[in-house]
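Okay, here's what each chain looks like letter by letter:
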Amino acid sequence: MSNTMAQIKDLKFFSGLKRRHLEVLAALAKEIEVEKGTYIFREGDDALRCLVVLSGDVALELPMQGRDPRTVQTVHDGDVLGWSWLYPPHRWTFDARAVTDVTALVFDAEQLRAVKDSDHELGFQLMTRFGKVMVSRLQATRMRLMDLYGNGD
Amino acid sequence: MATATELSIPQLLDPMPCVVRAVNRETHDTITLEVEPAEPYHFEPGQITMVYKHGVGEIPISISSDPDRHDRISQTVRGVGAVSKAIIASHPGDVLGIRGPFGVGWPIDQAEGGDVAIIGGGIGLAPLRSIVYRVLNRRDRFGAVVILVGARTPKDIVFAEELREWGSRFDIDVNVTVDTADRGWHGPVGVVTNMIPRAPWDSSKVTAFVCGPEVMMRFTARALREDDVPMDKVYVTMERNMQCGVGLCGHCQWGSHFVCREGPVFRYDTVAELFRIRGV
Ligand SMILES: Cc1cc2nc3c(=O)[nH]c(=O)nc-3n(C[C@H](O)[C@H](O)[C@H](O)COP(=O)(O)OP(=O)(O)OC[C@H]3O[C@@H](n4cnc5c(N)ncnc54)[C@H](O)[C@@H]3O)c2cc1C
Ligand code: FES
């Protein structure tokens with residue numbers, strides 16, 4: 001088994017996929033290393049890649065005029081990093097900064113979209129998984145809109 | 001000193017004078033008071049007292065200190081209204097009246113031999129802090145010990161120094177997350193439930209102690225269920241207005257339960273339905 005295949009198989013995000021689908025994904029994936037402090041992408045950039053964090057922490061930041069950026073979420077081992085590559089206009093809506101040294105699996109967005117469109121079963125499986133991530137982040141956002149920790153505001 | 005169940009009603013209705021010995025500021029509106037009781041004080045983690053500020057009034061407050069220490073009690077108070085604001089304005093040397101301890105605490109002995117999850121949101125960490133002391137005092141009786149804390153911003157974290165200290169130990173795993181932060185914060189950002197799927201406990205062997213606002217406890221219980229933690233191993237605390245503390249006045253009634261006597265700690269599966277009923 002190739003190293004990339006083993007990494008993909010170990011990721012909870014891809015668990016339950018058929019072997020032939022894992023092989024398709026492994027053939028497209030590339031491992032990258034990002035040094036702490038580096039921006040993986042910036043708000044407004046074309047979303048050319050899909051990333052899954054293998055190790056390390058990444059901050060999703062909202063740049064603010066004349067002020068330090070605010071971190072709105074951090075993602076960690078096993079998390080997918082954004083889905084802007086999935087939907088037009090394919091532009092990132094946050095900055096992603098490596099808070100620690102990071103290793104990630106990277107997929108070329110165009111190739112992944114082509115695979116998803118040509119193999120509907122794999123496309124469905126991928127969309128289901130991204131849907132789940134989106135729902136859980138939407139839920140987390142709603143929780144933050146509530147007075148989750150009783151600050152009284 | 002006897003426990004609440006051994007004390008007579010008149011004793012439980014009569015405040016014991018306690019001298020404030022230290023006042024530690026936690027956040028802009030929250031302090032931890034260390035008081036010296038008139039006589040050795042015994043309580044179980046999770047129990048509460050009625051704290052009386054002379055001339056102002058009395059409110060229920062959880063005990064947040066080491067249950068194996070009997071010469072001092074700590075209580076962490078957030079100033080929200082007349083009485084709590086008067087209490088947080090206390091200075092060393094002031095005298096407060098304390099009744100109790102009341103209620104049943106966290107069943108820590110039931111976690112022995114397994115892992116322990118301590119999950120707090122905001123000032124909800126206060127009654128959980130006594131569990132941490134108790135578990136650390138008897139560390140060899142437990143497996144993995146994991147503390148998960150959520151706060152609005154880094155400035156809203158209570159017991160920040162102690163969390164750092166516990167986090168530097170090798171036998172306890174401490175994770176603090178905030179809703180939003182600037183670059184000065186190096187920890188995770190996100191809601192407390194995000195940390196549950198990657199927490200290093202064995203879901204089949206963990207007992208979870210959860211405290212925070214009701215909405216936080218509800219979402220946490222849901223995330224624990226999704227993480228395969230059995231709901232009969234999840235405990236929460238319930239706050240209801242209290243007056244007598246001894247089951248006489250009915251102020252603390254929650255559904256069919258009297259929080260002052262049967263609570264404030266409840267096993268989640270026994271009260272889950274009440275969490276779903278609006279306005280109980
Ligand atoms: C079992 C139990 C344990 C508690 N433990 C602690 C503790 O460890 N530390 C602590 O700071 N507080 C704790 N509380 C809450 C505390 O008792 C109240 O904040 C206090 O009674 C408010 O009284 P007050 O006169 O200062 O304000 P009030 O004038 O009575 O109220 C001021 C504002 O606070 C709100 N408020 C009142 N009580 C509560 C409450 N229980 N929860 C949320 N909002 C409330 C009111 O709706 C109002 O908006 C506990 C309550 C219970 C029932
Ligand atoms: S506070 Fe009076 S019955 Fe519980």
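Small disclaimer: the values here were computed from a predicted structure and weren't measured.

Calculation rules
- Residues numbered from 1 in each chain as written.
- Chains lettered and ligands numbered in written order.
- Predicted model: local features only at pLDDT ≥ 70, side-chain atom pairs only at ≥ 80, totals over all residues.
- Heavy atoms only, no water.
- Domains from an automatic or database assignment.
- Contact = heavy atoms within 4.5 Å.
- Salt bridge = Lys/Arg side-chain N within 4 Å of Asp/Glu carboxyl O.
- Polar contact = N/O pair within 3.5 Å; in protein donor to acceptor, adjacent residues only side chain to side chain.
- Helix = DSSP H or I, 4+ residues; strand = E, 2+ residues; numbered from the N terminus.
- Near = heavy atom within 4 Å.
- Nonpolar A, V, L, I, M, F, W, Y, C, P; charged D, E, K, R; others polar.
- Pairing = 2+ DSSP bridges.
- Axes fitted to C-alpha atoms, helices over the stretch in contact; angles between N-to-C directions.
- 1 Å grid on protein atoms, 1.4 Å probe; cavity = no way out; pocket = protein on both sides within 12 Å on 5 of 7 lines; lining within 4 Å.
- Points joined across faces, edges and corners; volume = space filled by probe spheres on them.
- Phe/Tyr/Trp six-rings, centres within 6.5 Å; stacked < 30°, edge-to-face > 60°.
- Buried < 20%, exposed > 50% of the residue type's maximum accessible area, 1.4 Å probe, protein only.
- Lys NZ or Arg CZ within 6 Å of the ring centre and 35° of its normal.
- Core = buried A, V, L, I, M, F, W, Y, C linked by side-chain atoms within 4.5 Å.
- Patch = residues over 30% accessible without salt bridge, like charges linked within 9 Å, V, L, I, M, F, W, Y side chains within 5 Å.
- Areas by Shrake-Rupley, 256 points an atom, 1.4 Å probe, with all protein chains shown as cover.
- Lys, Arg positive; Asp, Glu negative; His and termini not counted.
- Charge placed at Lys NZ, Arg CZ, Asp CG, Glu CD.

A.B. asks: Which parts of the structure should I look at to understand the domain arrangement of chain B?
C.D. replies: The figure often quoted for interface size is the accessible area lost as the parts come together. All names here are of chain B. Partitioning chain B into structural domains gives domain 1 (9–102) and domain 2 (108–276). When each unit is reduced to the centre of its C-alpha atoms, the spacing between domain 1 and domain 2 is 21 Å. Each partner contributes residues to the interface: domain 1 has 29 residues there, and domain 2 has 25 residues. For Asp68, the salt bridge is made with Arg138, and the minimal N-O distance between the two is 3.8 Å. The interface formed by domain 1 and domain 2 holds 8 residue pairs in polar contact (both at pLDDT 80 or more) in total. For the side of domain 1 that touches domain 2, the secondary-structure elements that each account for two or more residues are helix H1 (9–13), strand S1 (16–27), strand S2 (30–37), strand S3 (48–53), strand S4 (57–62), strand S5 (73–78) and strand S6 (95–102). Considering every element that reaches the side of domain 1 that touches domain 2, the biggest residue donor is S5, with 4 residues.

A.B. asks: Would you mind showing me how to read the site of ligand 1 here?
C.D. replies: Residues and elements named next belong to chain B. In the neighbourhood of ligand 1, 16 residues make up the surrounding shell, with Pro60, Thr76, Arg78, Ser84 and Arg240 lying closest. Here Pro60 contributes a backbone N or O atom positioned 2.7 Å from an oxygen atom of ligand 1. Within the backbone of Thr76, an N or O atom sits 2.8 Å from a nitrogen atom of ligand 1. Looking at the shell around ligand 1, the elements that each hand over two or more residues are S4, S5 and helix H2 (82–88). At 4 residues, the largest contribution of residues to the shell around ligand 1 is made by S4. Across the shell around ligand 1, the residue classes tally to 9 nonpolar, 4 polar and 3 charged. Taken domain by domain, the shell around ligand 1 gets at least three of its residues from each of domain 1 (9–102) and domain 2 (108–276).

A.B. asks: Help me understand the sheet that holds strand S4 (residues 58–64) of chain A, please; the structure alone is not making it clear to me.
C.D. replies: Strand pairing in a sheet takes place through backbone hydrogen bonds and is either antiparallel or parallel in direction. Residue and element names in this part refer to chain A. An order of S2-S7-S4-S5 is seen for the 4 strands of this open sheet, with the pairing classed as antiparallel. Sheet topology places strand S2 (39–41) and strand S5 (67–75) at the edges, where each strand pairs with a single neighbour. Looking at each pair of strands side by side, their axes are set apart by 35° on average, direction ignored. Here S2 runs beside strand S7 (residues 95–98); their pairing, made up of 2 bridges, is antiparallel. Across the sheet, Phe41 pairs through a bridge with Ala96, a residue of S7.

A.B. asks: I tried to follow empty space enclosed by the protein on my own but got confused; where do I start?
C.D. replies: Any empty space left between the atoms is revealed when a probe the size of a water molecule rolls over them. All names here are of chain B. Counted according to the given criterion, the structure contains 1 cavity of 30 Å³ or more. Of the voids in this model, the largest cavity is the one considered here, and its volume is about 40 Å³. As for the largest cavity, its lining consists of Leu33, Val35, Val51, Gln75, Ile87, Leu96 and Ile98. Elements that contribute at least two residues to the lining of the largest cavity include exactly S2 and S6.

A.B. asks: Mind showing me how you'd approach the packing of aromatic side chains here?
C.D. replies: Geometry of an aromatic ring pair is reported as the spacing of the ring centres plus the angle between the planes. For the structure shown, the criterion picks out 9 aromatic pairs over all chains. When the centroid spacing of 5.3 Å and the interplanar angle of 75° are considered together, the rings of Trp85 of chain A and Phe130 of chain A count as edge-to-face. A residue pair is termed long-range when its members are at least 10 positions apart, and Trp85 of chain A in the loop between strand S6 (80–81) and S7 and Phe130 of chain A in helix H4 (residues 120–145) qualify at 45 residues. The class for Trp85 of chain A is buried, based on a relative accessible area of 1%. Stacked on the ring of Tyr39 of chain A, the Lys or Arg Arg42 of chain A has its end atom at 3.5 Å from the ring centre. Lying over the aromatic face of Phe219 of chain B, Arg218 of chain B brings its terminal NZ or CZ to 5.9 Å of the ring centre.

A.B. asks: Looking at this structure, I do not really get the interface of chain A and chain B. What am I missing?
C.D. replies: Taken together, the 25 residues of chain A in the interface contact 26 residues of chain B. Our enumeration of links across chain A and chain B arrives at 2 salt bridges. Residues Asp79 of chain A and Arg198 of chain B are paired through a salt bridge, measuring 2.9 Å at the closest nitrogen-oxygen approach. Summed over the shared surface of chain A and chain B, the number is 9 residue pairs in polar contact (both at pLDDT 80 or more). Within the residue set of the side of chain A that touches chain B, elements represented by two or more residues are S5 and H4 of chain A. Class assignment for the residues of the side of chain A that touches chain B results in 8 nonpolar, 8 polar and 9 charged.

A.B. asks: So what exactly am I meant to see when it comes to the nonpolar core here?
C.D. replies: Generally speaking, soluble globular proteins have nonpolar side chains that are buried together. Residue and element names in this part refer to chain B. Ranked by internal contacts, the top residues of the largest apolar core, which has 47 residues, are Ile119, Trp201, Val210 and Leu224. The element contributing the most residues to this core is helix H5 (residues 214–226), with 7 residues. When residues of this core are assigned to domains, at least three map to each of domain 1 (9–102) and domain 2 (108–276). Ignoring any residue separated from it by four or fewer positions in sequence, one finds Leu224 in contact with Ile119, Ile196, Trp201, Ala208, Val210, Val229, Met231 and Val234.

A.B. asks: Teacher, can you tell me more about a negative patch on the surface here?
C.D. replies: Together, Glu31, Glu33, Glu35 and Asp101 of chain A make up a negatively charged patch on the protein surface. Locating Glu31 of chain A in the fold gives a position in strand S1 (residues 30–34).

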